[in-house]
Amino acid sequence: SQTIHQWPATLVQPVGSPLSLECTVEGTSNPNLYWYRQAAGRGLQLLFYSVGIGQISSEVPQNLSASRPQDRQFILSSKKLLLSDSGFYLCAWNEQPNQPQHFGDGTRLSIL
Amino acid sequence: AQTVTQSQPEMSVQEAETVTLSCTYDTSESDYYLFWYKQPPSRQMILVIRQEAYKQQNATENRFSVNFQKAAKSFSLKISDSQLGDAAMYFCAYVSGTSYGKLTFGQGTILTVHP
């Protein structure tokens, strides 16, 4: 069966430090991959999505970037974190665009 | 751009009773899919139910069912025989059939279940 792993679960970082959040999917090939951010008590905002290795589409201009170095690996990065980058980050995947997305457990990111 | 609106920030229901959560959406497309996701305090996103726009029949999953009114662009979720474990934030979400799976979420409704 397919599983999605996301880490770390919690991260506290100072302003200006770099960021790397990782997401991997097991049990499937060539999944569509997604990064979302959720502000406290609000809905999810799509940040990036990828339909294949090396292909990244950005939905919101920001301080973050994404990469897909392997088929089932999706990384969210920043060179210098801002206070506004705080939030709950979720990775998701599906096999076809119109199928339900399956979410990881999320990363709670706090910027000090 | 597509938008999804959940007009009820909070709802409450007594255990074993029925509750309906509202969702409306705005789109000019004919090929799309709608979802309800549940987010308990653990913050994991869990799929509750899915509806294809081309299907007239309302989707049902055990105690969860939807009332899909395509002309009115309405997609409400009915939870029957509510249980304490149903307490969560519920999100309505939309995806176009041509948008590479880019989900648009509503702002969510917090559901409280009273014993």
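Overview of the structure.

Section: the state of the cysteines
In protein structure, a disulfide is the covalent linkage between the sulfur atoms of two cysteines.
Residues and elements named next belong to chain A.
And then number 1: Under the definition given, this model contains two disulfides over all chains.
And then number 2: Cys23 shares a disulfide with Cys91; S-S distance 2.0 Å. On the sign convention where negative is left-handed, the bridge of Cys23 and Cys91, at about -75° about the S-S bond, is left-handed. Of this pair, Cys23 sits in strand β3 (residues 19-26) while Cys91 is found in strand β9 (residues 87-94), placing the two residues 68 residues apart along the sequence.
And then number 3: For Cys23, a relative accessible area of 0% corresponds to the buried category.

Describing unusual backbone geometry
A negative phi angle is the norm for most residues apart from glycine, just as the trans form is the norm for most peptide bonds.
And then number 1: Trp7 of chain A connects to Pro8 of chain A through a cis peptide bond whose omega is -5°.
And then number 2: The phi dihedral of Asn62 of chain B is positive, around 55°, even though this residue is not glycine.
And then number 3: Inspection of the secondary structure assignment puts Asn62 of chain B in the loop between β7 (60-61) and β8 (64-69).
And then number 4: Judged by its relative accessible area of 75%, Asn62 of chain B is exposed.
And then number 5: For Lys73 of chain B, which is not glycine, the phi torsion reads 55° and is therefore positive.
And then number 6: Tracing the chain through its elements places Lys73 of chain B in the loop between β8 and β9 (74-79).

Re the interface of chain B and chain A
And then number 1: Facing the 19 residues of chain B at the interface are 22 residues of chain A.
And then number 2: Both faces combined, the contact of chain B with chain A buries some 1900 Å², and carbon together with sulfur accounts for 55% of it.
And then number 3: It is Arg43, Tyr100 and Lys102 of chain B in chain B that bury the most area against chain A; as a group they hold 32% of the surface buried on that side.
And then number 4: Connecting chain B to chain A are one salt bridge.
And then number 5: A salt bridge links Lys102 of chain B to Glu59 of chain A; the shortest N-O distance between them is 3.5 Å.
And then number 6: At the surface where chain B touches chain A, the tally comes to five residue pairs in polar contact (both at pLDDT 80 or more).
And then number 7: Listing elements by their share of the side of chain B that touches chain A, those giving two or more residues are β5 (32-39), β6 (46-52) and β10 (88-96) of chain B.
And then number 8: Looking at the side of chain B that touches chain A element by element, the count peaks at four residues for β5 of chain B.
And then number 9: Considered class by class, the residues forming the side of chain B that touches chain A number 11 nonpolar, five polar and three charged.

Calculation notes
- Residues numbered from 1 in each chain as written.
- Chains lettered and ligands numbered in written order.
- Predicted model: local features only at pLDDT ≥ 70, side-chain atom pairs only at ≥ 80, totals over all residues.
- Heavy atoms only, no water.
- Disulfide = S-S within 2.5 Å.
- Helix = DSSP H or I, 4+ residues; strand = E, 2+ residues; numbered from the N terminus.
- Buried < 20%, exposed > 50% of the residue type's maximum accessible area, 1.4 Å probe, protein only.
- Contact = heavy atoms within 4.5 Å.
- Buried area = accessible area lost by both parts, 1.4 Å probe.
- Salt bridge = Lys/Arg side-chain N within 4 Å of Asp/Glu carboxyl O.
- Polar contact = N/O pair within 3.5 Å; in protein donor to acceptor, adjacent residues only side chain to side chain.
- Nonpolar A, V, L, I, M, F, W, Y, C, P; charged D, E, K, R; others polar.

Just geometry here; none of it tells us what the structure is for.
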